Amino acid sequence: FGKQGEGKGARRERAQSRAESSREGKGVTGERTGSKMNATTAARRATTCMAVKAKTKKQKRQQRHERQRRNIYGTEERPRLCVFRSNDHIYAQVIDDSKHDG
């Protein structure tokens, strides 16, 4: 825990001075909070504040489906079960992905 014969106060001061020296000149001051951030983060915040468009419910559902399909693959021994639930009915399909080229 530091040099022999050195007290806790001296170790704390040395650690604090190292932290201050590592922070100097690295960040850009944030506009609202005054906190430090790197230049790319500051530029990204300045340009994309209002540019992000909200995704629709359908787009979010398709994105979740694609994420799951990357990991799930139906075989002949263990086919994939696909379930669609509408307001009126529930539809289920048993799918063997090894027979399809899609």
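Residues numbered from 1 in each chain as written. Predicted model: local features only at pLDDT ≥ 70, side-chain atom pairs only at ≥ 80, totals over all residues. Heavy atoms only, no water.

## A word on the pattern of salt bridges
Then comes step 1: Per the counting criterion, the structure on display carries 2 salt bridges.
Then comes step 2: Ionic pairing is found between D97 and R69, a salt bridge with its closest N-O pair at 3.5 Å. Of this pair, D97 sits in the segment after β4 (90-95) while R69 sits in helix α3 (residues 57-69); the two residues are 28 residues apart in sequence, bridging distant segments of the chain.
Then comes step 3: Accessibility expressed as a relative area gives 9% for D97, which makes it buried.
Then comes step 4: Salt bridges linked by common partners bring R69, R80 and D97 together as one network. (Salt bridge = Lys/Arg side-chain N within 4 Å of Asp/Glu carboxyl O. Helix = DSSP H or I, 4+ residues; strand = E, 2+ residues; numbered from the N terminus. Buried < 20%, exposed > 50% of the residue type's maximum accessible area, 1.4 Å probe, protein only.)

## Considerations on the confidence of the model for the chain
Then comes step 1: Across the chain, the average pLDDT comes to 74, with 54% of residues at 70 or higher.
Then comes step 2: Summarising per-element confidence for the chain, the mean pLDDT is lowest in strand β1 (residues 28-29) (48) and highest in β4 (95). (pLDDT = per-residue confidence, 0-100.)

## Concerning the environment of K99
Then comes step 1: Within the secondary structure layout, K99 lies in the segment after β4.
Then comes step 2: Residue K99 is classed as exposed on the basis of its relative accessible area, which comes to 64%.
Then comes step 3: Through-space distance from the C-alpha of K99 to that of E76 is 8.3 Å; in sequence the pair is 23 residues apart.

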